[in-house]
Amino acid sequence: MLHNLFIGELAARLSNRQISSVELTRHFLARIDRFNPALNAFITLTAERALKDAADADARIASGERGPLLGIPLIHKDIFCTDGVKTSCGSRMLDNFVAPYDATVVARLRAAGTVMLGKSNMDEFAMGSSNETSYYGPVQNPWDVTKVPGGSSGGSAAATAARMAPFATGTDTGGSIRQPAALTGVTGLKPTYGRVSRYGMIAFASSLDQAGVFARSAGDAAAVLQVMAGYDPRDSTSVDVAVPDYSKDISKPLKGLKIGLLREFFEGLEPRNAALIEEALNIYTGLGAETREVSLPHLPLSVPTYYVVAPAECSSNLSRFDGVRFGYRCSNPQDLMDLYKRSRGEGFGAEVKRRIMTGTYVLSAGYFDAYYLKAQKARRLITDDFRSAFEKVDLVIGPTTPTPAFDIGAKMNDPVLMYLNDIYTIGANLAGLPGVSVPCGFVEGLPMGLQLIGPHFAEAVLLNAAHQYQQATDWHKHAPRGYE
Ligand code: GLN
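What you are looking at is a predicted structure, and each value in this text was computed from that prediction instead of being measured.

Colleague: Could you give an account of the pairing of strand E3 (residues 115-120), naming the residues involved and the relevant values?
Modeller: With respect to burial, E3 is a largely interior element, 6 of its 6 residues being buried. One ladder, built from 3 bridges, connects strand E1 (residues 42-45) with E3; its direction is antiparallel. Residue pairing for E3: Thr 44 is matched across the bridge by Lys 119. Read as a crossover between parallel neighbours, the route from strand E2 (residues 73-77) over helix H4 (residues 104-111) to E3 is right-handed.

Structure (structure tokens):
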């Protein structure tokens, strides 16, 4: 079936005219019609525009143009500004906001000939780990509709897992790509901070946010990153480092690759989760990699550190509210005034309010040193720990999440329990490192993820290691029942 093909296979069929982009788009739109009512993965559907974009892609193909994503449908997380299309960021406050321009990620993917099917559901302002803080209601996990898909990019994850699109964009501030990828059994890549432009991506915590991709394989993620990555003068934190050919070295043998096992990730790990990671390590040693234990002694500080830094940054974004920082231009001063008023609490859900309050508190005169300054110091120690680890190994490996997908409603009344979901993912954000989660098996019928974290700009190493693992296993090919 078309929806089980990988991006490379779809591109080949489009290129030899076995199928058209319009046919492919109709196929996925039909699946969205059928499955989305139960999953709630979308905030906005853009079917009409998709068919038009697909016809444009077909015309480009007919005129001889070829490209790895030309004519391929996708879904954008509703945090990315999309010209002329509602961009809500999962918030009631932006329920009527139609973006006046495309985010760089959107523009690049559009220029590559992708076809946008719609905008995916997400936690409000990307604050959450379960997609339950969305103004548009929770997203259901296709593996079990009583479970969350993870968050904050829950809609993109669920839609990719349910094969409603070959891939989707997401953002990861503390784990929001890797964690939902793990809980829905797909591949999720968070690039190095600065690798992909944040221009037009509504800010949550500017020193941590990074755009990335949900796909069904590392090979597919490589093809998408190729288009997304690169310097953008409109994002001052975007880094001017050459973009390698991610697909080129993906099949390189892993012989001699040095993999670090993070001691802190394995301590207290649930035995069934630990067993899956052990199995993955056996695959890697079978592929010629060498493993050794490494320690990041300050890693246990990462959750408290993050939950000071991220709220501090988002409270400045949301309360100061200058349009540019916030992620979009407001040409009309009246609009800005209106949004400013609403940013003072009205229109926000409980979790966003909690973050603004925490952020304001840790930044306030009497508490700044005790919280914010201390968190900045801890962030530096965590970053240094990773740096020393990468003097010894090429990448580190561990679980993506402590547990599989949990029940909808189970953690909503206990923020600390909710925040602990991110225990394995947040370190990479604090240190600005790239990370990828790949499916590595099941616990009680629910998918689990294996996480690989590498040094800055080592996306090619991660994708190579993830791809080789996927050549040796077929966890990434499992579809949820009913979605095959
Ligand atoms: N769960 C984390 C939070 O709520 C991370 C979210 C994210 O990566 N956007 O802040």
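Text resumes after the structure shown.
Colleague: Tell me about the pattern of salt bridges, and please be specific about residues and values.
Modeller: Any two side chains of opposite charge can pair, on the condition that their charged atoms come close. Scanning the model with the defined rule gives 17 salt bridges in all. Across the pair Glu 65 and Arg 60 runs a salt bridge whose closest N-O atoms are separated by 2.8 Å. By relative accessible area, which is 33% here, Glu 65 ends up partly exposed. For Asp 172, the salt bridge goes to Arg 178, with nearest N and O atoms at 2.9 Å. Residue Asp 172 shares its accessibility class with Arg 178, and that shared class is buried. Linked through salt bridges whose partners overlap, the residues forming this network are Arg 49, Asp 53, Asp 102 and Arg 110.

Colleague: Please set out the site of the ligand residue by residue, giving values where relevant.
Modeller: For the ligand, the set of nearby residues contains 15 residues, the closest of which are Ser 129, Gly 174, Ser 176, Tyr 306 and Arg 355. Interatomic distance of 3.4 Å between a side-chain N/O atom of Ser 152 and a nitrogen atom of the ligand. Here the ligand has 290 Å² of accessible area as a free molecule, and 100% of this is covered by the chains. Of the residues assigned to the shell around the ligand, the class counts are 5 nonpolar, 7 polar and 3 charged.

Colleague: With reference to specific residues and values, describe the nonpolar core.
Modeller: If you look at the biggest cluster of nonpolar residues, it comprises 147 residues, and the most contacted ones within it are Phe 167, Tyr 284, Phe 386, Leu 450 and Leu 452. Looking at this core, the element that brings in the most residues is helix H10 (residues 302-320), giving 8 residues.

Colleague: Tell me about the pairing of strand E7 (residues 258-262), residues and numbers included.
Modeller: The buried fraction of E7 amounts to 4 of the 5 residues, a majority that puts the element mostly inside the structure. Summarising the sheet, E7 and strand E8 (residues 290-294) pair through 5 bridges and their orientation is parallel. Note that in E8 the partner of Leu 261 across the bridge is Glu 293. One ladder, built from 3 bridges, connects E7 with strand E9 (residues 395-399); its direction is parallel. Opposite Leu 261, over in E9, you have Ile 397 as the bridge partner.

Colleague: I'd like a description of helix H2 (residues 21-39), backed by residues and values.
Modeller: Between its terminal C-alpha atoms H2 stretches 25 Å, which fits the 27 Å expected from 19 residues at 1.5 Å a residue. Taking the largest bend as the criterion, H2 deviates by roughly 35°, centred on Asp 33, and proline Pro 37 comes between one and four positions later. Looking at H2, one finds that the buried residues are Ser 21, Val 22, Leu 24, Thr 25, His 27, Phe 28, Leu 29, Arg 31, Ile 32, Phe 35, Asn 36 and Leu 39. The inward-facing, buried residues of H2 abut helix H1 (7-15), E1, helix H3 (47-62), E2 and E3. Count one or two residues on from H2 and you reach Asn 40, which has phi positive near 60°.

Colleague: Which residues make up a nonpolar patch on the surface, and what values go with them?
Modeller: Together, Tyr 361, Tyr 367 and Tyr 371 make up a nonpolar patch on the protein surface, roughly 290 Å² of accessible area in all. When you line up the elements, Tyr 371 lands in helix H14 (residues 368-392). The exposure class assigned to Tyr 371 is partly exposed, which follows from its relative accessible area of 35%.

Rules of the game
- Residues numbered from 1 in each chain as written.
- Predicted model: local features only at pLDDT ≥ 70, side-chain atom pairs only at ≥ 80, totals over all residues.
- Heavy atoms only, no water.
- Buried < 20%, exposed > 50% of the residue type's maximum accessible area, 1.4 Å probe, protein only.
- Helix = DSSP H or I, 4+ residues; strand = E, 2+ residues; numbered from the N terminus.
- Pairing = 2+ DSSP bridges.
- Right-handed = clockwise from strand over helix to strand, strands pointing away.
- Salt bridge = Lys/Arg side-chain N within 4 Å of Asp/Glu carboxyl O.
- Near = heavy atom within 4 Å.
- Polar contact = N/O pair within 3.5 Å; in protein donor to acceptor, adjacent residues only side chain to side chain.
- Areas by Shrake-Rupley, 256 points an atom, 1.4 Å probe, with all protein chains shown as cover.
- Nonpolar A, V, L, I, M, F, W, Y, C, P; charged D, E, K, R; others polar.
- Core = buried A, V, L, I, M, F, W, Y, C linked by side-chain atoms within 4.5 Å.
- Expected span 1.5 Å × (residues − 1).
- Bend = angle between axes of the 7 residues up to and from the residue.
- Contact = heavy atoms within 4.5 Å.
- Patch = residues over 30% accessible without salt bridge, like charges linked within 9 Å, V, L, I, M, F, W, Y side chains within 5 Å.

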